[in-house]
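Observations on the model geometry
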Amino acid sequence: MTRLLRYALLGLLLIIGIGAFSVYGLTWRPQARETLPVSCAANAAPLMPGQALKVMTWNVQFLAGKRYVFWHDLAQGNDESPTPEDMAFSLDEVARVIRDEQPDVVLLQELDNGAKASDYQDQLKLLQERLADLYPCGTSAFDWKADFIPNPRIFGSVGRQLATLSRYRIDHAERVQLPVADGNFISRQFQPKNALLVSYLVLDGGGQLAVLNTHLERATQPDDTAQKQIGAVSKSLDKLESAGTPWLIGGDFNLLPLGQYRRLPNEQRSPYSADSELHLLWDKYPMIPTNNEASGIDRAHWLTHYPNDPGLNGPDRTVDYLFYSPRLKRVQAQVRQDDTLRISDHLPVIARFLLPAMP
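Below is a summary of the structure that appears in this document. Note that this is a predicted model, so its numbers are computed, not measured.

The pairing of strands in a sheet comes from backbone hydrogen bonds and takes either a parallel or an antiparallel form. Overall, mixed pairing links the seven strands, which are arranged β2-β5-β6-β4-β3-β14-β13 in an open sheet. The open sheet is flanked by β2 (39-40) and β13 (329-335), the only strands paired with a single partner. Two strands pair when backbone bridges link them, and β2 and strand β5 (residues 137-149) are joined in this way by two bridges, in the antiparallel orientation. In the sheet register, C40 faces β5, and the bridge partner there is C137. Packing of helix α3 (residues 123-131) onto the sheet brings it into contact with β4 (105-112), β5 and β6 (156-166), and relative to β4 it is tilted by some 145 degrees.

The full count for this structure, using the stated rule, is 18 salt bridges. One salt bridge connects R67 with D86, and the closest N-O pair in it is separated by 2.7 Å. Residue R67 is found in the loop between β3 (52-59) and α2 (84-101), and its partner D86 is found in helix α2; the two are separated by 19 residues along the sequence. Note that E101 and R336 form a salt bridge whose closest N and O atoms lie 2.8 Å from each other. Of this pair, E101 sits in helix α2 while R336 is found in the loop between β13 and β14 (349-354), placing the two residues 235 residues apart along the sequence. R336 carries the same exposure label as E101, and that label is buried. One continuous salt-bridge network, built from bridges that share partners, spans K54, E93, R96, D100, E101, R336 and D339.

Membership of the largest hydrophobic core comes to 26 residues, with the highest contact counts inside it found for L53, L248 and I288. If you list the elements that add at least two residues to this core, you get β3, β4, β9 (208-215), β12 (320-324), β13 and β14. For this core, the element with the highest residue contribution is β14, accounting for three residues. If we skip the residues at most four places from it in the chain, I288 touches W302, D320, Y321, L322, Y324, R330, A333, V349, A351 and F353.

For α2, built from 18 residues, the straight-helix expectation of 26 Å at 1.5 Å per residue is met to within 8% by its first-to-last C-alpha distance of 26 Å. Where α2 is concerned, the buried positions are D86, M87, S90, L91, E93, V94, A95, V97, I98 and E101. Buried positions along α2 lie against β3, β4, α3, β13 and β14. Positive phi shows up at Q102, right after α2, with a value of about 50 degrees.

Criteria and cut-off values
Residues numbered from 1 in each chain as written. Predicted model: local features only at pLDDT ≥ 70, side-chain atom pairs only at ≥ 80, totals over all residues. Heavy atoms only, no water. Pairing = 2+ DSSP bridges. Helix = DSSP H or I, 4+ residues; strand = E, 2+ residues; numbered from the N terminus. Contact = heavy atoms within 4.5 Å. Axes fitted to C-alpha atoms, helices over the stretch in contact; angles between N-to-C directions. Salt bridge = Lys/Arg side-chain N within 4 Å of Asp/Glu carboxyl O. Buried < 20%, exposed > 50% of the residue type's maximum accessible area, 1.4 Å probe, protein only. Core = buried A, V, L, I, M, F, W, Y, C linked by side-chain atoms within 4.5 Å. Expected span 1.5 Å × (residues − 1).

Structure (structure tokens):
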């Protein structure tokens, strides 16, 4: 081997090594299961067996509002980031709706923290400042995080969180990693890393309620990621159920209920499967909205997603849900639509349950 060729190979190896080191340093590799910090006031009350519990789940779309069609939306617009004014408006509106509903537990998805596109805001902190008197307890988990994404439409940091706020005492919380989409080693480092945020609320007299919060992958083309993620969620719920722990889960599942696939235009169907992967959950556990509600005569009342698409003038599908243990009893449920259509591309799902009484 000539000296010139040797030097060229050494230089190439050096460049590859520097590149790999840079990717490693700029990205985030969470563990399969991590204990999370919980912020909880000392006087936070425990749940009482048999009590009513009101829960809201809402993807707040990094407080961007509805005046944009982003490059990552299905409609493939040109917008890259919202203005500070729009984010301030959406922050006030999210706080207004939560204050008006006063749920006992709030499950939020797509709150930004340190992301270039949202002006590096800590959106959970901003929201908690407005709701501190209602929610003495809270915890959060990242499901996308990197100091730098080389995509020209981002070209900077990302930070996206799940957050759970509670009127009642959270004893502990954990982050459980879900399967991620396939890709080469480099691209996988920059992808979202969908997860479960699991909060354990204390029950007076012993025991706990497990509250899970999630945001699953939004596929751009059919693959097996949704199947793997729903399979992992199902195993987590089965484990809680078999242990006798009452539970509920809410979030943006990015999957359709029975019957809605064929109601979408052909160009809107591509991210979804005709046989929704959600059947792995609804076959075993009660769902809000139910398939009858989401695809029946009053289905318009149960639509939860209003895509950023200039061809649409309102919500057209259901992708946000609450599932719950049969140990809980559903009392009331709704999707709040009337005054939330301009706040986010998702609408809040709200339900009241009765917790199981002491045996």
